[in-house]
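# A structural walkthrough
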Amino acid sequence: MRLPIRKAQAIAHTISLVVTSAALLAGAAIPGLHAQEMRDADFSKRVYVTGGLGLTRVEPESPSDALTISDNSDTGAHLGLGYDLNRMLSVEVYVADLGTAEVEFLGTAAGSVDYQVFGLSLLGYLVNSRSGFVLADSQPEGLFRREGLSVYARVGIGHMENDADRVDYFRDYPTHAAFGLGLEYGFRNGFALRTELMSLDTDAQYANVGILKRFGDVPAVPLIPPIQPALPVPAADKTAIEPAVPESPVSIEPIVSPVPHFEFDKSDLNEEDMRKLDIFAESMRDRESEIVIEGHTDWIASESYNMSLSIRRAEAVYNYLASKGMSPSRMTTMGYGETRPISNNNTSAGRALNRRVEIKIR
């Protein structure tokens, strides 16, 4: 009865490892969950498939010193099916062929042991090149798009099968914990490249590269209304030119347009920007110029969401100027989303500069 007890203890230990690791991984995502609530409706929870090839190291344990492993390196392949739960977590099932370990008996080839494994994993996306390190920042800017370079960790549970050729073997317990650490580079069209190092049980390690494809709606690049070119001025009729009567020079002071900036995911004007808009509205009161109010965002969140947010920011300035007496017929609003940055979106300071409204006088 010792063997069943040992097997039960090993399985219990494996499950304990997986549950504890999964809890830690999921708990690390909690600081960003309040921010996800306002964006999850915009985040596409997509199904994906993945596959790849790699190098394996398989080391079956031998009960006898006479049996030794002559070659424990081989090539492997895997296929997987996953689902993006939110910006930081995905769940994935996979199957892999890890290759073969060659066995010798007293220095003579005695056969081989093949390794196959399938399992269920939870993947946590920890770092993203566009969004930074989520564990160090509970602000909404820790939200992830599955684009750019990401670092992820894997924790899961698996089942290992072995086929032997001319070798007697006995597996104590096929259930095992699986851990991994990898890099993923995602493209806007749903494709991604991956590389990962996985540890499966104590017998097998798998270093692989692969490709991934996410299915579902990908936010389309919104069309920006083109700015109409100025109409050419017709040439003057030289035969009808009369001497111009000189007028006394009039001093017209140039108007400096304010550039309101916004907090992350906000379209509310602050007091300082409202004060600047008051001065601007007063200076435009006696002029007939038209203005174009252009809204902009940083690149956090999807393009479709940012396009909508940029329009709301432009409308906030439009409504405020209208409340100060500017004629709505003189004002036009446009939203450009994240398409026209003026600073580096990889830094917090750069993203703050990109969250703006520009006022163009025509």
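Basis of the calculations
- Residues numbered from 1 in each chain as written.
- Predicted model: local features only at pLDDT ≥ 70, side-chain atom pairs only at ≥ 80, totals over all residues.
- Heavy atoms only, no water.
- pLDDT = per-residue confidence, 0-100.
- Helix = DSSP H or I, 4+ residues; strand = E, 2+ residues; numbered from the N terminus.
- Contact = heavy atoms within 4.5 Å.
- Pairing = 2+ DSSP bridges.
- Axes fitted to C-alpha atoms, helices over the stretch in contact; angles between N-to-C directions.
- Phe/Tyr/Trp six-rings, centres within 6.5 Å; stacked < 30°, edge-to-face > 60°.
- Buried < 20%, exposed > 50% of the residue type's maximum accessible area, 1.4 Å probe, protein only.
- Expected span 1.5 Å × (residues − 1).
- Parallel < 35°, antiparallel > 145°, perpendicular 65-115°, else oblique.
- Left-handed = near helix turned anticlockwise from the far one by under 90°.
- Nonpolar A, V, L, I, M, F, W, Y, C, P; charged D, E, K, R; others polar.
- Right-handed = clockwise from strand over helix to strand, strands pointing away.
- Salt bridge = Lys/Arg side-chain N within 4 Å of Asp/Glu carboxyl O.
- Core = buried A, V, L, I, M, F, W, Y, C linked by side-chain atoms within 4.5 Å.

## Some words on the confidence of the model for the protein
- Residue-level pLDDT values for the protein average 76, and 67% of them are 70 or greater.
- Looking at the elements of the protein, mean pLDDT is at its lowest for helix 2 (residues 33-37), recorded as 43, and at its highest for strand 11 (residues 291-295), recorded as 94.
- Low pLDDT, under 50, characterises residues 1-7; the predicted model gives this stretch five contacts beyond four residues in sequence or across chains.
- Throughout residues 218-231 the model reports pLDDT below 50, and contacts reaching past four residues in sequence, or to other chains, amount to 16 contacts.

## Points about the sheet that holds strand 12 (residues 331-335)
- The strand order 12-11-13 describes an open sheet built from three strands, whose pairing is mixed. The open sheet has two edge strands with one neighbour each: strand 12 and strand 13 (357-361). Going from strand to strand, the sheet's axes swing by 20° on average, the running direction of each strand aside.
- Judged from the five bridges that link them, strand 11 and strand 13 form a sheet pairing that is antiparallel. Its bridge partner lying in strand 13, Glu294 is registered against Glu358.
- The strands touched by helix 4 (residues 303-323) are strand 11, strand 12 and strand 13; relative to strand 12, the strand with the most contacts, the crossing angle is about 160°.

## A few points about the packing of aromatic side chains
- As enumerated under the stated definition, the model contains two aromatic pairs in all.
- Here the aromatic rings of Tyr125 and Tyr152 are separated by 5.7 Å at their centres, their planes lie at 40°, and the arrangement is tilted. Placement of the pair is Tyr125 in strand 5 (residues 108-128) and Tyr152 in strand 7 (residues 148-165), with a sequence separation of 27 residues.
- Owing to a relative accessible area of 0%, Tyr152 belongs among the buried residues under this scheme.
- Arranged with centres 5.2 Å apart and planes meeting at 65°, the rings of Tyr185 and Phe187 form a pair that is edge-to-face.
- Classification of Tyr185 as partly exposed rests on a relative accessible area of 40%.

## So, helix 4
- Helix length check: helix 4 (21 residues) gives 30 Å between terminal C-alpha atoms against 30 Å at 1.5 Å per residue, within 8%.
- Three or more residues of helix 4 are buried, namely Glu303, Tyr305, Asn306, Met307, Leu309, Ser310, Arg313, Ala314, Ala316, Val317, Tyr320 and Leu321.
- Considering only its buried residues, helix 4 is in contact with helix 3 (271-283), strand 11, strand 12 and strand 13.
- Gly325 lies just past helix 4 and shows a positive phi near 105°.

## Observations regarding the packing of helix 3 against helix 4
- Two numbers describe how helix 3 lies on helix 4: the axes approach to 10 Å, and their chain directions differ by 55°. In terms of their interaxial angle, helix 3 and helix 4 are classed as oblique. Crossing of helix 3 against helix 4: the hand is right-handed. Within the contact between the two elements, helix 3 uses Met274, Leu277, Asp278, Phe280 and Ala281 and helix 4 uses Val317, Tyr320 and Leu321.
- Classifying every residue of the contact of helix 3 with helix 4 by side-chain character gives seven nonpolar, no polar and one charged.

## Here's the deal with the pairing of strand 12
- Inspection of the sheet shows strand 11 paired to strand 12 by five bridges, in the parallel sense. Residue Gly295 lies in a different strand from strand 12, and its bridge partner there is Gly335.
- Each parallel crossover has a hand, and for strand 11 linked through helix 4 to strand 12 it is right-handed.

## A closer look at the pattern of salt bridges
- Tallied over the full model, the rule gives 13 salt bridges.
- As a salt-bridge pair, Arg356 and Glu358 come within 2.8 Å of each other at their nearest N and O atoms.
- With its nearest N and O atoms 3.7 Å apart, the salt bridge here joins Lys360 to Glu358.
- Here the salt bridges share partners, and the residues they tie into one network are Asp84, Glu92, Arg154, Glu184, Arg194, Glu196 and Arg214.

## Examining the nonpolar core
- In this structure, Ile291, Ile293, Val317, Leu321 and Met326 are the most contacted members of the largest nonpolar core, which totals 16 residues.
- Elements supplying a minimum of two residues to this core: helix 3, strand 11, helix 4 and strand 13.
- Looking at which element gives the most residues to this core, the answer is helix 4, with four residues.
- Contacts of Ile291, omitting those with residues within four sequence positions, involve Phe280, Met284, Leu321, Met326, Arg330, Met331, Thr332, Ile359, Lys360 and Ile361.
- Counting 15 residues, the second-largest nonpolar core is a separate cluster that includes Val58, Ala96, Tyr115 and Val117.

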